[in-house]
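The lines below spell out each chain.
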Amino acid sequence: MWQFTCENCGSKEYTLQKRKVICSYCHTRYKVQKGDPFTFGAKIDLVDDINILVSKCIKEPHNAKRYANIILEMDPYNQFARRYV
Ligand SMILES: [Zn+2]
């Protein structure tokens with residue numbers, strides 16, 4: 001049986017989201033690929049995700065606070081997001 005082991009911290013605890021497996025311990029995220037239950041070594045770049053959320057804050061000011069909170073979950077010291085919360 002397949003078992004998750006985080007490459008980053010060795011944890012076997014994880015959370016499964018739509019297309020991602022997230023290490024419960026260090027929050028490293030891994031892509032899940034169709035057909036191939038869990039393909040690791042494909043870490044999702046946190047910086048990319050944050051950049052996408054930052055641009056959403058700018059484009060959708062009415063939702064900025066919500067996006068900022070998501071950014072702060074990933075990067076609690078993000079200066080940009082802190083302005084919105
Ligand atoms: Zn981990």
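This structure is a prediction, so every number in the text was calculated from the model and none was measured.

What follows covers the overall build of the chain. If you tally the helices and strands in the chain, you get three helices and three strands. Ordered by position in the sequence, the α and β elements of the chain form the string β-β-β-α-α-α. The buried share of the chain, reckoned over its 85 residues, is 14%. Here the analysis covers contacts within the chain between residues at least 6 apart in sequence; of these, 14% occur between residues at least 24 apart.

What follows is about the environment of valine 21. Within the element layout of this structure, valine 21 appears in strand β2 (residues 20–23). Each C-alpha atom, one on valine 21 and one on cysteine 6, is 9.7 Å from the other, the two residues being 15 residues apart in sequence.

All right, on to unusual backbone geometry then. Even without being a glycine, histidine 27 presents a positive backbone phi close to 65°. Tracing the sequence through the fold places histidine 27 in the loop between β2 and β3 (29–31). On the basis of neighbour count, histidine 27 is assigned to the partly exposed category, with 14 C-beta atoms found within 10 Å.

Another point: the pairing of strand β1 (residues 14–17). Side-chain positions along a regular strand alternate between the two faces of the sheet. One ladder, built from four bridges, connects β1 with β2; its direction is antiparallel. In the strand pairing of β2, threonine 15 is matched with isoleucine 22. Here β1 folds back onto β2, and the loop between the two strands holds two residues.

By size, the foremost hydrophobic cluster in this structure holds six residues: Leu53, Cys57, Tyr67, Ala68, Ile71 and Ala81. At the level of elements, α1 (46–59) and α2 (64–74) are the ones that each hand at least two residues to this core. Ignoring any residue separated from it by four or fewer positions in sequence, one finds alanine 81 in contact with Ala68, Ile71 and Leu72. Counting residues in each nonpolar core, the second largest holds five residues, with Cys6, Val21, Cys23 and Tyr30 among its members.

The rules behind the values
Residues numbered from 1 in each chain as written. Predicted model: local features only at pLDDT ≥ 70, side-chain atom pairs only at ≥ 80, totals over all residues. Helix = DSSP H or I, 4+ residues; strand = E, 2+ residues; numbered from the N terminus. Buried ≥ 20, exposed ≤ 12 C-beta atoms within 10 Å, placed from the backbone. Contact = placed C-beta atoms within 7 Å. Pairing = 2+ DSSP bridges. Core = buried A, V, L, I, M, F, W, Y, C linked by C-beta atoms within 7 Å.

These figures capture arrangement, not role.
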